[in-house]
Amino acid sequence: MVPVVELKEVTQVYVTDREATLAIDRISLTVNPGEFVSLVGPSGCGKTTILSMIAGLLHSTTGEVKVHGTNVQGPSPTVGYMLQQDYLFPWRTIADNVCIGLELTGQLTAQLRDYTLQLLEEMGLSNTAQLYPHQLSGGMRQRVALVRTLATNPDLLLLDEPFSALDYQTKLQLEDLIVETMKQHQKTAILVTHDLSEAIAVSDRVIVLERNPGRVRKEFVIPDGIRQAQPFYAREQEGFNQLFHNVWKELEATERRES
Ligand code: ADP
Ligand code: MG
């Protein structure tokens, strides 16, 4: 089985005119087909840097970054990247916003437009196609952004804190929706989040990173009982609180290490 994502001894050094920062120090990680992996860690530990390298927006300084067994050279339609901010175009309708990826890559056909509008329906946004972004709530806009990411049919999704600007209830609903959509469409996902309980509730594995420089500190495999429950109910499963505590302790240790 070829992993969907493979990082081998990857480093990333940011060079500015004043200094060089070792942002990522020899990180290796593998994500297998259909897996949902979360990255957690203190601000500045390199989570966004890792996603940007996988997305092909940034070249690693040393080491190998592979997607589907091939060295990443640049952005690819098989990889979808969803950011914290929805970046919808205010002057375009929702329908035209979700089709933009297809448009830009010259793939927009009537059939794919229909497929995309159907995804809107699946996400509970059936009556929004002709509306504009400002007419939607934050949670709805994030769902639109998710549809836009899924429209080009990437099989790997990179999600950089997509829920962090949302209220708690909306966030819980979106977690369920994303996990269900990923499973149904057999996608692989890497989620960056600040929220430990979210990471545990949605993932197969949680990777804790430390910073200065960014390294993998510890990896937690989520037990079946929690993994198989819908994220909302995962939080009530036996062992959830203990696991939360263990992940939290690792994170806390990354802070202690620095002080
Ligand atoms: P995270 O997403 O975990 O908060 P980032 O990947 O954004 O972390 O950043 C990791 C480290 O790299 C931080 O020390 C940050 O200041 C530095 N960094 C990120 N982007 C740049 C850049 N474009 N130029 C210089 N330093 C950067
Ligand atoms: Mg970040």
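For the protein chain, an unreviewed UniProt entry supplies the name Spermidine/putrescine ABC transporter ATP-binding protein and the organism Paenibacillus selenitireducens.

Draft legend 1. Just the side chain of Gln 142, in detail. Locating Gln 142 in the fold gives a position in helix H5 (residues 138–151). Looking at Gln 142, the relative accessible area reads 4%, which means it is buried. The residues contacting Gln 142, other than those within four sequence positions of it, are Met 82, Leu 83, Gln 84, Gln 85, Asp 86, Pro 162, Leu 166 and Leu 174.

Draft legend 2. Representation of the pairing of strand E7 (residues 156–160) within the structure. Taken across its 5 residues, E7 has 5 buried, putting it largely inside the fold. Going residue by residue along E7, you find Leu 156, Leu 158 and Asp 160 tucked away on one face and Leu 157 and Leu 159 tucked away on the opposite face as well. As paired strands, E7 and strand E8 (residues 188–192) are joined by 5 bridges and run parallel to one another. Residue Leu 159 lies in a different strand from E8, and its bridge partner there is Leu 191. Each parallel crossover has a hand, and for E7 linked through helix H6 (residues 168–184) to E8 it is right-handed.

Draft legend 3. Examining the environment of Glu 238 more closely. Note on placement: Glu 238 falls in the loop between helix H9 (231–234) and helix H10 (240–258). Residue classification places Glu 238 among the exposed residues on the basis of a relative accessible area of 79%. Residues Glu 238 and Gly 225 lie 13 residues apart in sequence; the distance between their C-alpha atoms is 7.7 Å.

Draft legend 4. View of the packing of aromatic side chains. All told, the structure shown has 2 aromatic pairs when counted by the stated rule. Ring centres 5.2 Å apart and planes at 45 degrees place the aromatic pair Phe 89 and Trp 91 in the tilted group. Ring plane angle 85 degrees and centroid distance 5.2 Å describe the contact between Phe 232 and Tyr 233, whose orientation is recorded as edge-to-face. Relative accessible area serves as the criterion here: at 37%, Phe 232 is assigned to the partly exposed category.

The rules behind the values
Residues numbered from 1 in each chain as written. Chains lettered and ligands numbered in written order. Predicted model: local features only at pLDDT ≥ 70, side-chain atom pairs only at ≥ 80, totals over all residues. Heavy atoms only, no water. Helix = DSSP H or I, 4+ residues; strand = E, 2+ residues; numbered from the N terminus. Buried < 20%, exposed > 50% of the residue type's maximum accessible area, 1.4 Å probe, protein only. Contact = heavy atoms within 4.5 Å. Pairing = 2+ DSSP bridges. Right-handed = clockwise from strand over helix to strand, strands pointing away. Phe/Tyr/Trp six-rings, centres within 6.5 Å; stacked < 30°, edge-to-face > 60°.

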